[in-house]
Amino acid sequence: MTPDELMAEACRLAAESVANDWGGPFGAVIARDGEIVARGQNRVLLTGDITCHAEVDAIRNAVATLNPTAPDIAVAERPSTTLALAPRPPGSADPVPARARMLMGMEIYASGAPCPMCLSAIYWARLDAVHFSNDWEDARAIGFDDAFQYEDFALPLDQRRLPIQQLRPDLGRPSFAAWAAKADRHPY
């Protein structure tokens, strides 16, 4: 499929979400070499799950498609899944020499510019590119405004709208120490 066809499918999914009262006007497809690997739709109103945005739904569906035996993936099977290790990209500041490849080699097409949550998920998924139809101003005009989050993220923790504080680091350290000491840990 061409990029235009992939975007048309993402926008069709967005319209379907609205028509079925599943959620906002957001659809997404993840593609590899012009072939759709997974589709996603905003289904917040259908599920009541506030994380069920189109991009996150598409990522979850891609992972389910690519890892059909999850969560029963044995350590020996990891090289054939999205958990296969890929070397650190040239010039990366990442201190870990290799991480799970996740969705490398794939791109996401979305009907709208991703919100902060979806954009974070896209980064974690290691998608190669993001293509969107409607921009943040278009989303703001219909009541989906995420600007305050981007503004808030830039502030020190003690100045944010949502109170955020560190509490009892002594309770969290043991699990972090266990991970750091784990000789066979699998970076992702």
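Keep in mind it's a predicted model, so treat the numbers as computed, not measured. (Residues numbered from 1 in each chain as written. Predicted model: local features only at pLDDT ≥ 70, side-chain atom pairs only at ≥ 80, totals over all residues. Heavy atoms only, no water.)

(A) Region of interest: the overall build of the protein. When helices and strands are tallied, the protein shows seven helices and six strands. When its helices and strands are written in sequence order, the protein yields α-β-β-α-α-β-β-β-α-β-α-α-α. Summarising its shape, the C-alpha atoms of the protein cover approximately 50 × 45 × 35 Å along the three principal directions. When burial is assessed residue by residue, the protein has 32% of its 188 residues classed as buried. Taking as baseline every contact in the protein between residues at least 6 positions apart, the subset at least 24 positions apart corresponds to 46%. Of note, the protein has its 17 positive side-chain charges centred 11 Å away from the centre of its 25 negative side-chain charges. (Helix = DSSP H or I, 4+ residues; strand = E, 2+ residues; numbered from the N terminus. Buried < 20%, exposed > 50% of the residue type's maximum accessible area, 1.4 Å probe, protein only. Contact = heavy atoms within 4.5 Å. Lys, Arg positive; Asp, Glu negative; His and termini not counted. Charge placed at Lys NZ, Arg CZ, Asp CG, Glu CD.)

(B) Just a nonpolar patch on the surface, in detail. A surface patch of nonpolar side chains, amounting to about 320 Å² of accessible area, comprises Trp-136, Tyr-150 and Phe-153. With respect to the helices and strands, Phe-153 occurs in helix H6 (residues 147-153). (Patch = residues over 30% accessible without salt bridge, like charges linked within 9 Å, V, L, I, M, F, W, Y side chains within 5 Å. Areas by Shrake-Rupley, 256 points an atom, 1.4 Å probe, with all protein chains shown as cover. Salt bridge = Lys/Arg side-chain N within 4 Å of Asp/Glu carboxyl O.)

(C) Summary view of the pairing of strand S1 (residues 27-32). For S1, a buried count of five out of six residues is recorded, marking the element as mostly surrounded by other parts of the structure. Between S1 and strand S2 (residues 35-41), which pair antiparallel one after the other, the connecting turn spans two residues, and Asp-33 there sits at a positive phi close to 55°. Bridge count for S1 against strand S5 (residues 107-112) is four bridges, and the pairing is antiparallel. Note on S5: the bridge partner recorded for Ile-30 is Ile-108. (Pairing = 2+ DSSP bridges.)

(D) Spatial organisation of the packing of helix H3 (residues 54-66) against helix H4 (residues 116-125). At a minimum axis separation of 8 Å, H3 and H4 run at an interaxial angle of 25°. As summarised for this structure, H3 and H4 are arranged roughly parallel, according to the angle between their axes. For the crossing formed where H3 meets H4, the hand is left-handed. On the side of H3, the interface is formed by Glu-55, Val-56 and Ile-59, while H4 contributes Met-117, Cys-118, Ala-121, Ile-122 and Ala-125. Residues that form the contact of H3 with H4 fall into these classes: seven nonpolar, no polar and one charged. (Axes fitted to C-alpha atoms, helices over the stretch in contact; angles between N-to-C directions. Parallel < 35°, antiparallel > 145°, perpendicular 65-115°, else oblique. Left-handed = near helix turned anticlockwise from the far one by under 90°. Nonpolar A, V, L, I, M, F, W, Y, C, P; charged D, E, K, R; others polar.)

In short, shape yes, function no, at least from these values alone.
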